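# Working through the structure, step by step
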Amino acid sequence: MLVIALCKGRFLEPSLAMLARADVRFPEDAASSRKLIFDSEDRRFRVVLVKPADVPTYVEYGAADAGIAGRDVIMESRADILQPLDLNFGHCKIAVAGKPGENPSLTSEFEFSELQENSNSLVRLGFSPRATVRVATKYPRITMDYYNARSIPVEIIPLSGSIELAPLIGLADRIVDVVETGQTLRENGLEVLEVIAESSARLLINRAGYQTKREDVRGLIQALEKVVRCESSI
Amino acid sequence: MKAYTQIPPGTQILIGRAARRRRGLERAISSVFEGWSYEEIIPPIFDYYDVFAKGMGAGPEEQIYRFIDREGNILALRPEFTSLVAKTVATRLASSPKPIRLFYSGEVLRFEKPKGGRQREFAQIGIEHYGGAGKTADVEILLIAVETFQRLGVQDFQINLGSVDFFGGIVDRIELPPEQVAELKDFLNVKDQSGLDSLLQKLPLADRRKKILRALPHLTGGKSVIQEARELVKNSRSVEALDHLEEIYSIFEHLNLERRLTIDLAEIRGFDYYTGILFRAYVRDLGFEVALGGRYDGLPATFGEDLPAVGFAFSLDRLEQIVTPTLDVSENGSTSVQVDKSFEKALELRRAGKAVKLCL
């Protein structure tokens, strides 16, 4: 029996739907019930429901043989797992966002003029003008890699939710977050300044399981591959 | 002074039964190695940092525990054994008759985030074979790995055998800037077929090269994989690698052990420090590999003596997770005699070879 870790939340229904189209069917109420483990109708697969950020961990340890999670979560976890398939749903961008028109990263000109502008309001809020850009994010590793690659020193403020709030009350200069339509950003007076990477739902496979359960794992990959191909040619 | 009940992350303490189990495993495996005429080497737990920086793929340098001695030399706690053994062989044993067969058992230290079954201190046991260049030495160490599993009663094990030269021959022929080669390797490494396909579409490579790269992630399986690969590559380095793998496979067939062997041409991790065959051993239901090995002919030369070298290391920590607890572990104290009389009685029993437990 192969164990598949799925995310609770907005990925759950599309994941189950895709698995169903690949002939891996779970009971109707899977998405709505409170159960965290359920078996497929033919008993060949088992699904466990975990938090999105934990899917790569379950798969890396082999507690789950496979998983479905967003590329954003996979990149952030740096889990040592295989990613054989882009499932082509849940598309979004991992991006740097901030107030409209701002530079995504501090340059020397920016450092001087914007700090001057902002310093009064910042000082009122109790913050002193900064030489290092401060970025609030749920993705500290992705953010650090992004700024390191550009040789820009950065101070990372790890947050777990409502990231858009940070620049609005002076906690940070920028945020790094996932963006779908951009609606949430706009409503909070922010906009995408630079796209770091594209993200979509991916299939994850445990490295050792790929070798020791090759037939079952490959069968799953091929079945899902077929579904993805069919859907993209519609 | 505050008493610390926590132990540093990434370390563990084995007491009683767990410790006996560890030693029992060690003894069983060592006796397999000794049965193939391997002698133990007990190297120091630290050496000059440079020794390890030459790299046996212990991982990124940041993971090596370094410290500075009183004279300002940079030392390091060993992140692996192979570099130490290779250095000893290249220096102290340079004039010894070849081949030289050595085994080791002990802890190695790496500053990794403790996750994925990896601690910061973990127990390795492995063998090194120096002075044998051909497939004979390769087959020897593979057979020893097989016997180790069999001795431990592990049923569902699998040895994935590949060759660095197969992928090496392909990469030699690719004329691309290093960042793009790195990108290719990243996709191949996680078997990201869609990422690989879209990258290949953008690269100025001949169709035939694109074909082999596209097929690479799937080239894992039985002997047929070698045939499949032969139809895709023509360069001599890759072809020779396939010949070599096929010879080893045939020997395994002859010995009725071929079902333990999986040809894995898709595995490209380790490409930077192994020089010939490369293998990983897996056990069903364990999420991580239990052994890693291969050929590293270039290593002794970096210590001054050009010698072929091949070997492997088992992870004792991971083996402990799968080997059944009853193996070779006797209940301590079950046969010991309780002595409540006197020290004389205790000594009398001890001289007679009995185990005693004092309750005076």
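Preceding block: the structure.
This text gives an overview of the structure that appears in the document. Note that residues are indexed from 1 along each chain, following the sequence as it is written. Chains carry letters from A onward and ligands carry numbers from 1 onward, assigned in written order. Where totals are concerned, whole chains, interfaces and linings use all residues; where local detail is concerned, this predicted model gives features only for residues with pLDDT of at least 70, and gives and counts side-chain atom pairs only at 80 or more. Just so you know, side-chain values use all the structure's heavy atoms and leave hydrogens and water out.

## Some words on the sheet that holds strand β1 (residues 39-40) of chain B
All names here are of chain B. For two strands to be treated as a pair, DSSP must find no fewer than two bridges joining them. Counting from the N terminus, the helices are the DSSP runs of H or I reaching at least four residues and the strands are the DSSP runs of E reaching at least two. Reading across from one edge, β1-β5-β6-β12-β11-β10-β7-β9-β8 is the order of the 9 strands in this open sheet, with mixed pairing throughout. This sheet does not close on itself; its edge strands, each paired only once, are β1 and β8 (220-221). Where β1 lies against strand β5 (residues 100-109), 2 bridges are found, and the strand directions are parallel. Residue pairing for β5: Glu39 is matched across the bridge by Leu102.

## So, the packing of helix α1 (residues 12-21) of chain A against helix α9 (residues 214-232) of chain A
All names here are of chain A. To define axes, lines are fitted to C-alpha atoms, for helices over the stretch in contact only, and angles between the resulting N-to-C directions are given on a 0 to 180 degree scale. Between α1 and α9, the least distance of the axes is 9 Å, while the angle of their chain directions is 105°. By the angle class used here, α1 and α9 are roughly perpendicular. Side by side, α1 and α9 meet where Met18, Leu19 and Arg21 of the first sit next to Leu220, Leu224, Val227, Val228 and Glu231 of the second. Angle categories: roughly parallel below 35 degrees, roughly antiparallel above 145, roughly perpendicular from 65 to 115, and oblique for all the rest. Contact between two residues is taken to exist if any of their heavy atoms lie within 4.5 Å; hydrogens are not considered.

## A look at the interface of chain B and chain A
Counting residues at the interface gives 28 residues for chain B, matched by 24 residues for chain A. A quick way to say it: buried area is the sum, across both parts, of accessible area lost when two parts are put together, with a 1.4 Å probe. When chain B packs against chain A, the two sides together hide about 2,000 Å² of surface, and 42% of this comes from carbon and sulfur. What counts as a salt bridge is simple: a side-chain nitrogen of Lys or Arg found within 4 Å of a carboxyl oxygen of Asp or Glu. The interface formed by chain B and chain A holds 3 salt bridges in total. Where Asp285 of chain B meets Lys213 of chain A, a salt bridge forms, and the shortest distance between an N and an O atom there is 3.4 Å.

## Concerning unusual backbone geometry
Lys98 of chain B connects to Pro99 of chain B through a cis peptide bond whose omega is 5°. Position of Pro99 of chain B relative to the elements: it lies in the loop between α3 (82-91) and β5. One non-glycine residue, Asp23 of chain A, adopts positive backbone phi at about 75°. A positive phi angle, near 55°, is found at Ser151 of chain A, a position not held by glycine. Tracing the sequence through the fold places Ser151 of chain A in the loop between α5 (140-149) and β8 (154-158).

## With respect to the state of the cysteines
Throughout, a disulfide means two cysteine sulfur atoms within 2.5 Å of one another. Summed over all chains, the structure comprises 0 disulfides over all chains. Unpaired in terms of disulfides, Cys7 of chain A finds its nearest cysteine sulfur in Cys92 of chain A, a separation of 11 Å.

## Topic: the sheet that holds strand β9 (residues 174-179) of chain A
Residues and elements named next belong to chain A. The strand order β8-β7-β9-β6-β10 describes an open sheet built from 5 strands, whose pairing is mixed. The outermost strands of the open sheet, each flanked by one partner alone, are β8 and β10 (191-199). Shown here is a sheet whose adjacent strand axes are inclined to one another by a mean of 25°, direction ignored. Where strand β7 (residues 133-137) lies against β8, 5 bridges are found, and the strand directions are parallel. Note that in β8 the partner of Val135 across the bridge is Ile156.

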